[in-house]
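# Remarks on the overall topology
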Amino acid sequence: MFAERVLSGMRPTGNLHLGHYHGVLKNWVKMQDEYECLFFVADWHALTTHYDTPHMIEQSVWDMVVDWLAAGVNPARSTLFIQSKVPEHAELHLLLSMITPLGWLERVPTYKDQQEKLSEKDLSTYGFLGYPLLQSADILIYRSTQVPVGDDQVPHIEFTREIARRFNHIYGREPGFEEKAEAAVRRLGSKKAKLYFELRTRYQEQGDIDALESAKSLLEEQQSLSHGDRERLFGYLEGSGKMILSEPRAMLTAASKMPGLDGQKMSKSYNNIITLREDENNVSKKIRTMPTDPARIRRTDPGDPDKCPVWPLHQVYSSEDMKQWVMKGCKSAGIGCIECKQPVIDAVLEEQRPMRERAQLYLDDPTLVRNIIADGCEKARKLASETMRDVREAMGLDYS
Ligand code: TRP
Ligand code: SF4
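Residue indices follow the written sequence of each chain, beginning from 1 at its first position. Chain letters and ligand numbers both follow the written order, the letters beginning at A and the numbers at 1. This being a predicted model, a pLDDT of at least 70 is required before a residue's local features are given, and a value of 80 or more before pairs of side-chain atoms are given or counted; all residues contribute to the totals for chains, interfaces and linings. Hydrogens are left out, water is left out, and the side-chain values use all remaining heavy atoms of the structure.

### So, the packing of helix 17 (residues 337-364) against helix 18 (residues 366-394)
Quick reminder of the rule: Each axis is a line fitted through C-alpha atoms, taken for helices only over the stretch in contact, and angles between the N-to-C directions span 0 to 180 degrees. Helical segments are the DSSP runs of H or I of at least four residues, strand segments are the runs of E of at least two, and each set is numbered from the N terminus. The cut-offs work like this: below 35 degrees is roughly parallel, past 145 is roughly antiparallel, 65 to 115 is roughly perpendicular, and the gaps in between are oblique. Contact between two residues is taken to exist if any of their heavy atoms lie within 4.5 Å; hydrogens are not considered. Polarity classes work like this: nonpolar for Ala, Val, Leu, Ile, Met, Phe, Trp, Tyr, Cys and Pro, charged for Asp, Glu, Lys and Arg, and polar for all others, with Gly in that last group.
Following both chains from N to C, one finds helix 17 and helix 18 inclined at 95°, their axes separated by 4 Å at the closest point. Between helix 17 and helix 18, the angle is such that the two are roughly perpendicular. Contacts from Leu361, Tyr362, Leu363 and Asp364 in helix 17 reach Pro366, Leu368, Val369 and Ile372 in helix 18. Tallied by class, the residues present in the contact of helix 17 with helix 18 amount to 7 nonpolar, no polar and 1 charged.

Given below as structure tokens:
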């Protein structure tokens, strides 16, 4: 078992492009070996902005899952699922909404930003305001410890931490907490109990964050701990109540520097993308017709790679030697632009080859994809219902 559980979601936005691959998916693929990973399609989140065109979502969901698989996300290692197939997310979202101050939601920077950016849409809806809270429910329902996100999403993770803290503060109080917590410490065995107390004292008296982290990993390693005791021991470290929902950490993934076909960041809205599984001829054509340094009108005019959008692509894909060759050849008009672009075309096609192959398997037999997702949804639901049991109990909803 892994001590850390990674969760991340993506809204279904249609075909993914190489920017998603370099910025997100490569990282997901790598994390699969190091952590327990859950990756899901945030289709309800897509509805918060696309409530008027819901029928586009279905195709985007399946295209995106095939893209994930094509990129090397491995269903034997990671759990892949769809948000709306795990309705417990909605239940947690509702229950958390009871304790979420409106001001907290209004203050999340993406709220006003997105409303302004997508001003052609009416986003003064309840669902859109609640976007970050739904995201909190996604994260907290799996007791995720790490959430890989780009820096635009960091406020949502911070918000999630505040919600978890507020929930624990309101619902984590139980009669006789201290005694129960101390009894739970003793059940760790004398050596570990001593260590636990030492670390707790270091944290509480000196604010030693490392001690807190060590104590948490000590608890995470204890297989035999009952769930109630685990919550108490986590809660007892930091305060005087049970920790029912655990605070996740944002795992900052280096912002993708993937350049698009025009030198700007690759993005669908700039119309400068190469999709993950783009047809080979299209790839060649798109790169061959890329603009270059405008100073190179004739083949004999020297140019400057720093003024050319092809150069950033060489920086992603080319070896040092190749980059030298470009620098020299461009500045001396020793090479032509078509010649200069060919290695980039080759590198992109090479990168896409295994992706195309993996995707083909799933395109030939779509039931494979359906089964992977059905499996993942089942696993996710099981984890989600465990948390919901504790949440309902803490909120006094476990009556029959
Ligand atoms: N808001 C995220 C984005 O736009 C998508 C998302 C929804 C998400 N729920 C999540 C990401 C939970 C991480 C964890 O990229
Ligand atoms: Fe750009 Fe290469 Fe042409 Fe120079 S030779 S302008 S770097 S494409």
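### Here's the deal with the site of ligand 1
Our working definition: Only heavy atoms are used to decide nearness, and a residue is near a molecule or strand if one of them lies within 4 Å of it. Between N or O atoms, a polar contact is any pair within 3.5 Å; within protein, one atom must be a potential hydrogen donor and the other a potential acceptor, and residues adjacent in sequence are included only when both atoms are from side chains. Only the protein chains shown count as cover for residues, with accessible areas throughout obtained via the Shrake-Rupley method and a probe of 1.4 Å.
In the vicinity of ligand 1 there are 13 residues, among which Arg11, Tyr131, Gln135, Asp138 and Gln153 approach most closely. One nitrogen or oxygen atom from the side chain of Tyr131 is found 2.7 Å from a nitrogen atom belonging to ligand 1. Across the complex, the protein chains shield 92% of the 370 Å² of accessible surface that ligand 1 would expose by itself. Those elements that place two or more of their residues in the shell around ligand 1 are strand 1 (5-10) and helix 8 (131-140). Counting residues per element, the shell around ligand 1 draws most heavily on helix 8, which supplies 4 residues. Here the residues of the shell around ligand 1 sort into 6 nonpolar, 5 polar and 2 charged.

### Observations concerning the nonpolar core
The nonpolar side chains of soluble globular proteins are, as a tendency, buried together. Quick note on the threshold: Joining through side-chain atoms within 4.5 Å is the link that ties buried Ala, Val, Leu, Ile, Met, Phe, Trp, Tyr and Cys residues into a set, and such a set is a nonpolar core. When a residue's accessible area, from a 1.4 Å probe over protein chains only, is under 20% of the maximum for its type it is buried; when over 50% it is exposed; and in between it is partly exposed.
Counting residues in hydrophobic clusters, the biggest one holds 93 residues, and the most contacted among them are Leu25, Phe39, Trp68, Phe81, Leu96, Tyr142 and Ile287. When residues in this core are grouped by element, the largest group, 10 residues, is from helix 3 (residues 55-71). In this view, Leu25 contacts Met10, Leu16, His20, Asp67, Trp68, Ala71 and Leu276; residues no more than four positions away in its chain are not counted. Ala184, Leu188, Ala193 and Met243 belong to the second largest nonpolar core, which has 20 residues in total.

### A closer look at the pattern of salt bridges
This is how it is decided: Whenever Lys or Arg places a side-chain nitrogen within 4 Å of a carboxyl oxygen from Asp or Glu, that contact is recorded as a salt bridge.
In this structure the tally under the stated criterion is 24 salt bridges. Of the charged contacts in the structure, one is a salt bridge between Glu280 and Arg356, with a shortest N-O distance of 3.4 Å. Of this pair, Glu280 sits in helix 14 (residues 280-288) while Arg356 sits in helix 17; the two residues are 76 residues apart in sequence, bridging distant segments of the chain. In the salt-bridge network here, residues are joined through shared partners; they are Glu174, Lys180, Arg187, Asp229, Glu231, Arg232 and Lys242.

### A closer look at the environment of Asn281
Here Asn281 lies in helix 14. A relative accessible area of 60% means that Asn281 is categorised as exposed. For the pair Asn281 and Leu349, spaced 68 residues apart in sequence, the C-alpha separation works out to 9.7 Å.

### Section: the packing of helix 15 (residues 310-317) against helix 17
As a reminder, the rule being used: With the far helix as reference, a near helix turned anticlockwise by less than a right angle produces a left-handed crossing, and one turned clockwise produces a right-handed crossing.
Where helix 15 meets helix 17, the closest approach of the two axes is 10 Å, and the angle between their N-to-C directions is 45°. In terms of axis orientation, helix 15 runs oblique to helix 17. Crossing hand, helix 15 versus helix 17: left-handed. On helix 17, the residues that touch Val310, Leu313, His314 and Tyr317 of helix 15 are Cys340, Lys341, Pro343, Val344, Ala347, Val348 and Glu351.

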